[in-house]
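Each chain is listed here by its residues.
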Amino acid sequence: MTFYKGCTIPVRNPQGGVYLAVEIPEPEDFLNYLDHLRKFLEECVRSSGVEGLEERLELVADLIALFYKAPLLEEPIRGLSLSPFKAYLTYRVMRHKFRDIDKKSMKDAMESLSEVHKEMRDIFKLLDEVSDLSENIFVRAPADTRPGYNISSLIVHLLAVSALAWSKSSGLGRRERAIVRIASLLHDIGKPIDPQHHVKGSVEGARKLLSGILSGEDLSEVLEIIENHHNPGYSGRFEEEVAIMRDADRFSAGADRLDPLIEASVIGELAELSGVSEREAFEIYYRRGEWERWLELERRRPGIMRELTEKCVKYALSEYSPLEKGEEYFKGVNIVKLDVASIQEFIRDSEKLPLLSASSYIVDLAVMFNSLRAVQVGIPGYPVECFLYSAGGN
């Protein structure tokens, strides 16, 4: 059975126009992606020299989030300068070797990083080699494979769940919060491998990814949280951590408000094809997610998964407005906007192109490198994924 990702954000068709639905990556491609992520983690942790238990867990979580976000921060031309993304990555990996770097100005910190970033050459090369695959996974891997739900991105969902879970876990210790982050970032990585049994696939994927990188105790805790994130009856050792992640997962999955979209665009057709009421069709195909019914439907009418996906996308792009459905809140979590003052004035201080280019680079460093560095210095353990967006000139 072929699964699809709905493309509400345009994906260009080389033959002309854009795709409304694209096939999800092959399981082998996602396993290759995870293999590169493991190599990335191994190289970065080895280079970091980090010794503290909590710091190591936080570093691993930050590295997973940075690997996920890399396609969004791709350099226009590689190697011309230390990009804000690679500057931050160098800082994040090497900060444990330069304890005074957090007290330095951005200028002095960049000078220190420029001296040591050559030690990151193999790590940068690995990221460059996996760049196309990372972009493919980011664009084409859905958070859910059912038509309508498959509009959402898996990687964005993983980052959102982790950010929400960390924000809600202030009652836990620093180590436990880092554990929840790692579990959240990996809780659905089995979906591209086996959508029908994704929890088992996620546990095995996380085990393979983190064995030897985390201690046995930490890894066991991460796996138990992942294994039970869909188990409402869980009452084991990590009941609070599982509940926090489950709530974050549920809110993130519902934040796109796709149920009304599905009901308006495809549930009538599903009901007609299945000989049941629309309410029953929604329960069967979405609430309970009975995979056997989806498989039977595809056997009876080949291509129906793609047809329904494209129908959802067309409706979402033309008629659907989730903002009309009212606002939803995840209690206890706030979004904060930080603004760097006088950016345009600074950039326009000169009309000379070299100075304009340099000014833009400095602004990018300020908002994409230094702002995150400053927050993490002030709030130890603050996650990379909690920086939802950062850029200059907006």
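What you are looking at is a predicted structure, and each value in this text was computed from that prediction instead of being measured.

Thresholds, definitions, all that
Per chain, the residues get numbers from 1 upward, laid out in the order the sequence is written. Where local features are concerned, this predicted model is filtered to residues with pLDDT of at least 70; where side-chain atom pairs are given and counted, the filter is 80 or more; whole-chain, interface and lining totals use all residues. Side-chain figures throughout are based on the complete set of non-hydrogen atoms in the structure, without hydrogens or water. A patch consists of residues whose relative accessible area exceeds 30% and which take part in no salt bridge; residues with like charges are grouped when within 9 Å of each other, and nonpolar side chains (Val, Leu, Ile, Met, Phe, Trp, Tyr) when within 5 Å. Accessible surface is estimated by sampling points in the Shrake-Rupley manner with a 1.4 Å probe; for residues, cover comes only from the protein chains shown. Just to be clear on terms, a salt bridge is a Lys or Arg side-chain nitrogen sitting within 4 Å of an Asp or Glu carboxyl oxygen. A helix here means a DSSP run of H or I that spans at least four residues, while a strand means a run of E at least two residues long, and both kinds are numbered starting from the N terminus. Each residue is assigned to one of three classes by its accessible area relative to the maximum for its type, calculated with a 1.4 Å probe on protein chains only: buried under 20%, partly exposed between the two thresholds, exposed over 50%. What counts as a ring pair is set by centres within 6.5 Å for rings of Phe, Tyr and Trp (its six-membered ring), and what kind of pair is set by the plane angle: stacked under 30 degrees, edge-to-face over 60, tilted for all other angles. N or O atoms within 3.5 Å of each other form a polar contact, as long as, within protein, one can give a hydrogen and the other can take it, and as long as residues adjacent in sequence are counted only when both atoms are side-chain atoms. Residue contacts are defined here by distance: any two heavy atoms, one from each residue, within 4.5 Å place the two residues in contact. Strand pairing is assigned whenever DSSP identifies at least 2 bridges connecting the two strands. Cavities and pockets are found on a 1 Å grid laid over the protein atoms alone: a cavity is a set of points where a 1.4 Å probe fits but cannot escape, a pocket is an open set with protein on both sides within 12 Å along at least five of seven lines, and a lining residue has an atom within 4 Å of such a point. Grid points are joined across faces, edges and corners, and a volume is the space filled by probe spheres set on the points. Gly falls in the polar group here, along with every residue not listed as nonpolar (Ala, Val, Leu, Ile, Met, Phe, Trp, Tyr, Cys, Pro) or charged (Asp, Glu, Lys, Arg). A helix is expected to span 1.5 Å multiplied by its residue count minus one. Residues counted as positive are Lys and Arg, residues counted as negative are Asp and Glu, and His and the chain ends are not counted. The atom standing in for a charge is NZ when the residue is Lys, CZ when it is Arg, CG when it is Asp and CD when it is Glu.

(A) Representation of a nonpolar patch on the surface within the structure. Taken together, the side chains of I335, L388 and Y389 define a hydrophobic patch exposed on the protein surface, amounting to about 420 Å² of accessible area. Residue position: Y389 is located in the segment after α18 (353–378). Look at Y389 and you get exposed, because its relative accessible area is 59%.

(B) Fine view of the packing of aromatic side chains. For the structure on display, the rule yields twelve aromatic pairs. For the pair F3 and W291, a centre-to-centre distance of 5.5 Å together with 85° between the ring planes defines the contact as edge-to-face. Placement of F3 in the segment before β1 (4–12) and of W291 in helix α15 (residues 291–300) is noted, with a sequence separation of 288 residues between them. On the basis of relative accessible area, W291 is assigned to the buried category, the value being 13%. A centroid spacing of 5.2 Å and a plane angle of 50° characterise the contact between Y33 and F67, whose relative ring orientation is tilted.

(C) Looking closely at the side chain of K86. Inspection of the secondary structure assignment puts K86 in helix α3 (residues 84–94). Reaching out from K86, the side chain makes a polar contact with the side chain of D128 at a distance of 3.4 Å. K86 has contacts with E75, F124 and D128, leaving out every residue within four places of it along the chain.

(D) Fine view of the environment of F251. As for its placement among the helices and strands, F251 is situated in helix α11 (residues 239–255). When its relative accessible area of 21% is taken as the criterion, F251 is described as partly exposed. Placed 78 residues apart in sequence, F251 and Y329 show a C-alpha to C-alpha distance of 8.8 Å.

(E) Region of the structure containing the pairing of β1. As judged from the five bridges shared by β1 and strand β2 (residues 18–23), these two strands associate in the antiparallel manner. If you follow V11 over to β2, its bridge partner there is Y19.

(F) Inspection of empty space enclosed by the protein at higher detail. Evaluation of the coordinates by the stated rule reveals one cavity of 30 Å³ or more. Its boundaries defined by the atoms lining it, the largest cavity holds a volume of some 140 Å³. Every residue lining the largest cavity is counted, 13 residues in all, and those nearest its centre are A70, E74, F85, L127 and D128. Per-class residue counts for the lining of the largest cavity are six nonpolar, two polar and five charged.

(G) Broad picture of helix α10 (residues 216–227). Look at α10: 16 Å from first C-alpha to last across twelve residues, which is about the 16 Å you get at 1.5 Å a residue. Buried within α10 we find D218, L219, E221, V222, L223, E224, I225 and I226. Buried residues in α10 make contact with α2 (53–69), α8 (174–186), α9 (198–210) and α11.

(H) Expanded view of a negative patch on the surface. On the surface, a cluster of negative charge is made up of E23, E26, E28 and D29. With respect to the helices, strands and loops of the structure, D29 is situated in helix α1 (residues 27–48).

(I) Spotlight on the pattern of salt bridges. Taken as a whole, this structure holds 26 salt bridges when the rule is applied. A salt bridge links R175 to E176; the shortest N-O distance between them is 3.3 Å. Among the residues examined, R175 registers a relative accessible area of 13% and is labelled buried. For E176, a relative accessible area of 24% corresponds to the partly exposed category. Measuring nitrogen to oxygen at the nearest pair gives 3.7 Å for the salt bridge that ties R300 to E296. Of this pair, R300 and E296 both sit in helix α15, four residues apart, roughly one helical turn. Judged by relative accessible area, R300 falls into the partly exposed class, the value being 48%. Because the salt bridges share partners, they merge into one network encompassing D62, R92, R181 and E385.

(J) Up close: α2. In this model α2 runs 25 Å from its N-terminal to its C-terminal C-alpha over 17 residues, within 8% of the 24 Å that 1.5 Å per residue would give. Here α2 lies mainly inside the structure; 13 of its 17 residues are buried.

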